[in-house]
Amino acid sequence: MNPVTHNTRARDKANVQQRDVAFARSAPTYGRWISWIVVLVVAANFLWLVATNPNFEWKVVLQWFTEGSVMKGLQVTLGLTVVSMILGTLLGLLLAVWRLSENKLLSGISSLYIWFFRGTPLLVQLIFWYNLSTLFPNISITVPWTDITFASWNTNDLITPLTAAFAGLALNEAAYMAEIIRAGLLSVDQGQVETTQAFGMSRSRALRRIIIPQAMRSIIPPTGNQLISMIKATSLVSVIAMGDLLYSVQAVYNRTFEIIPMLMVAVIWYLLITSILNIGQSAIERYYARGTKRTVVNKRRADTAVAATHQLKEDV
């Protein structure tokens, strides 16, 4: 082979590789590496200070981390979260459908509910429910403006710390979930709704089979955030003597005066729970995002080089 021809082909091949995006390389980012090093050094120094600070009393943290009363409080926190979230989501779905309804009465009731429960602090609502007997000593089912009573209960027997916690958390959560679900339903293309109407589907069936499954992609992320917020919001029930995780920890440090280590027990448990929920949320988001992301097929650089070489031979 003529050396000149060989050198020309090699040069042309190099030019092809330079023009091909498959061989593109990003410029070195020294600033990024320096920032990583600085952040890691600062983080390592912070962790070292926390680990070696005797005021945290890590031995006490380890001693009480899985103690019986703390674990019972953790179970109460998880139970409150699950039940309140389920009730709040179901009620929120109903309120969202009512809010989108053409029926002005239902839409007005939903709007009024959301306005009230989103406009008042959760702590105030919990205290209100716990002290409901002050306003209504008895709860009765009667015919309005008559003395006819079908049933009557003592309010103190009905409103215990547990029922007050469920009522406060679930009713408050329903207001937020209603807006989240409503936004998700509105994100579905209106053509989908028109298609269900063209096929003669009832509104409830269309919601169940077509609209809600498509809206889940928009509903899941904020719902995951609400679930994590609910985990932390359960700590407020300690003000009504509900034995959740924070209340259990407070009961211990009120006896032992080991405030910081006992608070660290609660902090670590909250962080563990929220971390697990974050992983579950990511998995659910990936499930409902199937078919919505484009898959980019990247050829190997070796295959690209071979194809370029063949093309070069044909041109020559």
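These remarks concern the structure in this document. Predicted model only: the values in this text are computed from it and were never measured. (Residues numbered from 1 in each chain as written. Predicted model: local features only at pLDDT ≥ 70, side-chain atom pairs only at ≥ 80, totals over all residues. Heavy atoms only, no water.)

1. Quick notes on the overall build of the protein
Item 1. When you go through the protein residue by residue, the secondary structure sums to 14 helices and 2 strands.
Item 2. Within the protein, the fraction of its 316 residues that count as buried is 29%.
Item 3. For the protein, contacts bridging at least 24 residues in sequence account for 73% of all contacts bridging at least 6. (Helix = DSSP H or I, 4+ residues; strand = E, 2+ residues; numbered from the N terminus. Buried < 20%, exposed > 50% of the residue type's maximum accessible area, 1.4 Å probe, protein only. Contact = heavy atoms within 4.5 Å.)

2. Considering the packing of aromatic side chains
Item 1. Under the counting rule described, the total for this entry stands at 5 aromatic pairs.
Item 2. Plain terms: the ring middles of Phe65 and Trp269 are 4.5 Å apart, the flat faces sit at 0° to each other, and that makes the pair stacked. Linking Phe65 in the loop between α3 (58–64) and α4 (68–100) with Trp269 in helix α13 (residues 259–288), this pair joins segments that are 204 residues apart in sequence. Neither Phe65 nor Trp269 differs from the other in exposure class; each is buried.
Item 3. Ring geometry for Tyr113 against Phe117: centres 4.4 Å apart, planes inclined by 35°, an arrangement best described as tilted. (Phe/Tyr/Trp six-rings, centres within 6.5 Å; stacked < 30°, edge-to-face > 60°.)

3. Brief notes about the environment of Ala165
Item 1. As for its placement among the helices and strands, Ala165 is situated in helix α9 (residues 161–186).
Item 2. Put simply, Ala165 and Thr234 are 69 residues apart on the chain and 8.2 Å apart in space, counted from C-alpha to C-alpha.
Item 3. In contact with Ala165, other than residues within four places in its own chain, are Leu80, Leu126, Val237, Ile240 and Met242.

4. Topic: helix α11 (residues 203–233)
Item 1. Look at α11: only 35 Å from first C-alpha to last across 31 residues, short of the 45 Å you get at 1.5 Å a residue.
Item 2. Roughly 50° is the biggest bend found in α11, and it falls at Arg217, with proline Pro221 one to four residues downstream. (Expected span 1.5 Å × (residues − 1). Bend = angle between axes of the 7 residues up to and from the residue.)

5. Examining the nonpolar core
Item 1. Within the largest apolar cluster, 28 residues are counted, with the highest numbers of intra-cluster contacts made by Leu169, Ile211 and Val237.
Item 2. Counting residues per element, the ones that place at least two in this core are α4, α6 (122–130), α9 and α11.
Item 3. In terms of nonpolar packing, the next biggest core, distinct from the first, is built from 21 residues, Phe56, Phe65, Leu74 and Ile231 among them. (Core = buried A, V, L, I, M, F, W, Y, C linked by side-chain atoms within 4.5 Å.)

6. With respect to the side chain of Asn172
Item 1. The topology assignment puts Asn172 in helix α9.
Item 2. Engagement of the side chain of Asn172 in a polar contact is seen with the backbone oxygen of Phe117, the distance being 3.2 Å.
Item 3. Not counting the four nearest positions on each side in its chain, Asn172 is found in contact with Phe117, Thr120, Leu122, Gln125 and Ala167. (Polar contact = N/O pair within 3.5 Å; in protein donor to acceptor, adjacent residues only side chain to side chain.)

7. Some remarks on the pattern of salt bridges
Item 1. Counting across every chain of the model gives 2 salt bridges.
Item 2. A salt bridge links Glu179 to Arg99; the shortest N-O distance between them is 2.8 Å. Here Glu179, found in helix α9, pairs with Arg99, found in helix α4; they are 80 residues apart in sequence, far enough to count as distant.
Item 3. When its relative accessible area of 26% is taken as the criterion, Arg99 is described as partly exposed.
Item 4. With a closest N to O distance of 3.1 Å, Glu179 and Arg182 form a salt bridge. Highlighted residues: Glu179 and Arg182, both in helix α9, separated by 3 residues, approximately one helical turn. (Salt bridge = Lys/Arg side-chain N within 4 Å of Asp/Glu carboxyl O.)

8. Focus: unusual backbone geometry
Item 1. Here Ala241, not a glycine, exhibits a phi torsion of approximately 60°, which is positive.
Item 2. In this structure, Ala241 sits in the loop between α11 and α12 (245–256).
Item 3. Non-glycine residue Phe257 carries a positive phi angle of around 60°.

9. Considering the environment of Gln281
Item 1. Following the sequence through the fold, Gln281 ends up in helix α13.
Item 2. When its relative accessible area of 13% is taken as the criterion, Gln281 is described as buried.
Item 3. Here the alpha-carbon distance between Gln281 and Asn225, two residues 56 residues apart in the chain, equals 8.9 Å.
Item 4. Residues in contact with Gln281, not counting those within four places in the same chain, are Ile220, Pro221, Gly224, Asn225 and Ile228.
Item 5. For Gln281, the side chain forms a polar contact with the main-chain oxygen of Pro221, separated by 3.3 Å.

10. Quick word on the pairing of strand β2 (residues 149–154)
Two faces make up the sheet, and in a regular strand the side chains alternate between them.
Item 1. The pairing of strand β1 (residues 138–142) with β2 spans 5 bridges and is antiparallel. Across the sheet, Ser140 pairs through a bridge with Ser152, a residue of β2.
Item 2. The turn linking β1 back onto β2 is made up of 6 residues, and Trp145 within it adopts a positive phi angle of 60°. (Pairing = 2+ DSSP bridges.)

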